[in-house]
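# Fold and geometry: a report
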Amino acid sequence: MRLSQAWIVASKDFATFTKKKNIIYSTFVLPFVVSIGLPGVIWYAMHKSGGSISPPELTILLPALTFFFMVIAGLIPTTIASYSMVGEKVEKSIEPLLATPTTDGEVLLGKGVAAFLPPMGAILAASGVYMFLMDVFTHGVLGTYYFPNWNDAVLLFLMVPLAVVMSVEWNVFVSSRVSDVRISQQVGMLLVLPLGGTYVAGELGIVPLGDVNTSLYIAGILAVIDLLLLYVVRVTFQRDAILTKWK
Amino acid sequence: MDGVTLNVAEGEVFGFLGPNGAGKTTTVRMLCCLISKTSGEARVGGYEVGNDGDSLKIRQMIGLVPDNVGLYESLSAYRNLDIYGRLYGMTDAARRESIQRTLTMLGLWEKRDVAAGTFSKGMKQKLAIARALIHDPQVLIMDEPTANLDPESAKTVRDFILDLKKEKRTIFLNTHNLDEVTRICDRAAILNTRLMATGTLGELEGLVGGRKVVVVLAREDAAVRSALEKKFGQGVASDGPKLTLAVSDPDGQVPDIVDAVVRAGGRVRYAGVEGSTLEDTYLKLVRRDT
């Protein structure tokens, strides 16, 4: 496996993505809307709705809201990964690419990196904005700055990357079965359901999302799923199958 | 595919003829190590197709022009070639030089910063050829390079292939365009899921009926026919003033035949070699097989 070769494939995809407005919007707009919108909701609830939120309520609410970045992690790689694979099929550019002295693994890694880095960058940047605004808005109630903390470090630097990898792998697999970018995206988004369910459970206090051990437990589950999907994708991504069986 | 045994020499332009579904693209994909062969043996430049260790070396020495050009349409012509130059391991300087050379050769240098998606079909095809040539490959494999092109664009591409022929590159031309093969190729093979025939164009043309000398006299003349039979054997057929002679070397014996006609007192209105064409052979072999 030559990382340089994989990086060329990734940089080619980056160059292609920058020309696609829908990819740029779907990757960067949602995280930043969430990063401003969620603190805005908290601020509104605390100051404008006439009510108030107690510190214990905030300590349940904040980690649950932060978990929303996990939902985003499952969601936004869908567009980019779908385009990366199905786009190549639609433009028929996969055959000349595979005819170069590049292995299947290098092409797969390159495409994985190209689909991983933009969502990760967007989520980390947006989470920085989110944590800053949340600290500003909640400091008066909590008497301390809630962010950063260990639980969110685990979420952002362990769980989110694992969720993005899972989404990328899932979408690569889905892309091998369809020949339309939109269908690929729609099926790919099914992955968001369990993450969204966990988010809702956290909001309802059913799953203690503010607990580091819970986060590590979820991260462990994600790691196992990632490995299983990696195996499936590696078996699926064979040049023979890509050129003769992929729709 | 079954029973395909052929050899393409270095520096040769080889035409691979066959109807749709004959297995031409499958053959190309196997030779480029894009799909696996189930049995048999194939070598490109001495490297074994299907051997994992040799696959990258084979792909390094081949330039492929696939039947679908498969360009990155949102990227510029220059960027399209630059990506492939990097994938073939070329240095920055070598890439710049090669991109300028190939785009200039194909008349696309002025359009280098224009998105490939805005190109006409002919320009896209030329860009795909430039992409295949970017790393100066020893072997160029072209799959239907003029299919779907208008006559002018097709001629441009054919002329370019003829220029490449002068550079002594080995070119494997997949096509069902018989005229293209006649104009460009040194040898050809006819495929219809199995190899039907292979050889020089002359050899292929001679496979059905062979070439004959045709002499048209000013008027029907039995004495001339008799004289020709005496000199060239019984392979003389007549149809009024038209005589057809089956001889061993049609092209070489035309002057002798004309001389014999004149000596026998006949007057020649026309003399030449006629016979089966590549098209005759192709159609006969393909129809016989289906």
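The preceding data block contains the structure.
Presented here is a report on the structure given in the accompanying data block. Each chain carries its own residue numbering, running from 1 in the written order of its sequence. The lettering of chains begins at A and the numbering of ligands begins at 1, in the order of writing. The predicted origin of the model limits local features to residues at a pLDDT of at least 70 and limits the giving and counting of side-chain atom pairs to 80 or more, whereas totals for whole chains, interfaces and linings rest on all residues. Excluded from the side-chain calculation are hydrogens and water; included are all heavy atoms of the structure.

## Re the interface of chain A and chain B
The criterion, for reference: Working rule for contacts: check all heavy atoms of both residues, and any pair within 4.5 Å makes them a contact. By definition, the buried area sums, over both parts, the 1.4 Å-probe accessible area that each loses when the two are put together. Each salt bridge in this description consists of a side-chain nitrogen of Lys or Arg and a carboxyl oxygen of Asp or Glu lying within 4 Å of one another. Under the rule applied, a polar contact is a pair of N or O atoms within 3.5 Å (in protein, one hydrogen donor and one hydrogen acceptor; residues adjacent in sequence only if both atoms are side-chain atoms). Labels follow the DSSP assignment, with helices taken as runs of H or I lasting at least four residues and strands as runs of E lasting at least two, numbered in each case from the N terminus.
The partner chain B presents 26 residues to the 27 residues of chain A that form the contact. Taken together, both faces of the contact between chain A and chain B bury some 2400 Å²; the carbon and sulfur share is 61%. Where chain A meets chain B, there are 1 salt bridge. In this structure, the salt-bridge partner of E95 of chain A is R29 of chain B, at a minimum N-O distance of 3.1 Å. Connecting chain A to chain B are 10 residue pairs in polar contact (both at pLDDT 80 or more). Secondary structure elements with two or more residues in the side of chain A that touches chain B: α1 (3–17), α6 (94–98) and α12 (239–244) of chain A. Top element by residues in the side of chain A that touches chain B is α1 of chain A. It accounts for 7 residues.

## Some points on the layout of surface pockets
It is a probe the size of a water molecule, rolled over the atoms, that shows where empty space is left. Residue and element names in this part refer to chain B. Convention followed: The distinction between a cavity and a pocket rests on a 1 Å grid over the protein atoms alone: a 1.4 Å probe fits inside a cavity but cannot get out, while a pocket stays open yet meets protein on both sides within 12 Å along at least five of seven lines, and a residue with an atom within 4 Å of a point counts as lining. Grid points are joined across faces, edges and corners, and a volume is the space filled by probe spheres set on the points. Any residue outside Ala, Val, Leu, Ile, Met, Phe, Trp, Tyr, Cys, Pro, Asp, Glu, Lys and Arg is labelled polar, Gly included; the first ten of those are nonpolar and the last four are charged.
Counted as a void, the largest pocket has a volume near 990 Å³. In terms of lining, the largest pocket is formed by 37 residues, of which the most central are L6, L31, E41, A42 and R43. Here the element with the most residues in the lining of the largest pocket is helix α1 (residues 24–31); it accounts for 4 residues. Looking at side-chain class alone, the lining of the largest pocket contains 17 nonpolar, 13 polar and 7 charged residues. Its boundaries defined by the atoms lining it, the second largest pocket holds a volume of some 410 Å³. Taken together, 20 residues make up the lining of the second largest pocket; nearest its centre are D67, N68, V69, A147 and N148. Going through the elements one at a time, α1 and α5 (121–133) are the ones with two or more residues in the lining of the second largest pocket. Here the residues of the lining of the second largest pocket are counted per class, giving 5 nonpolar, 8 polar and 7 charged.

## Digging into empty space enclosed by the protein
For the coordinates displayed, the defined rule picks out 2 cavities of 30 Å³ or more. Together, K12, D13, T16, F17, Y83, S84, G87, E88, E91, S93 and K111 of chain A together with Y72 of chain B line the largest cavity. Mapped by element, the contributors of at least two residues to the lining of the largest cavity are α1 and α5 (77–90) of chain A. Considered class by class, the residues forming the lining of the largest cavity number 3 nonpolar, 4 polar and 5 charged. Here the second largest cavity is characterised by a volume of approximately 40 Å³.

## Overview of the packing of aromatic side chains
Residue and element names in this part refer to chain B. Condition: Ring geometry is summarised as follows: Phe, Tyr and Trp rings, the Trp one being its six-membered ring, pair when their centres sit within 6.5 Å, and such pairs are stacked at plane angles under 30 degrees, edge-to-face over 60 and tilted between the two. A 1.4 Å probe rolled over the protein chains alone gives each residue an accessible area, and that area as a share of the maximum for its type sets the label: buried under 20%, exposed over 50%, partly exposed in between.
The final tally for this structure, using the stated rule, is 11 aromatic pairs over all chains. For the ring pair F14 and F172, a centre distance of 5.8 Å and an interplane angle of 20° mean the geometry is stacked. Taken as a pair, F14 in strand β1 (residues 13–17) and F172 in strand β6 (residues 170–175) lie far apart in primary sequence, 158 residues in all. A relative accessible area of 0% means that F14 is categorised as buried. For the ring pair F16 and F172, a centre distance of 5.0 Å and an interplane angle of 45° mean the geometry is tilted. On the criterion of sequence distance, the pair formed by F16 in strand β1 and F172 in strand β6 is long-range, its members being 156 residues apart.

## Structural notes on unusual backbone geometry
Residue F147 of chain A is joined to P148 of chain A through a cis peptide bond whose omega torsion reads -10°. One can find P148 of chain A in the loop between α7 (104–142) and α8 (150–175). Located in the positive-phi region is D136 of chain B, a residue other than glycine, with phi close to 55°. By secondary structure assignment, the location of D136 of chain B is in the loop between α5 and β5 (139–143). Using a relative accessible area of 46% as the deciding quantity, one classes D136 of chain B as partly exposed. The backbone phi angle of E144 of chain B is positive, close to 50°, even though this residue is not glycine.

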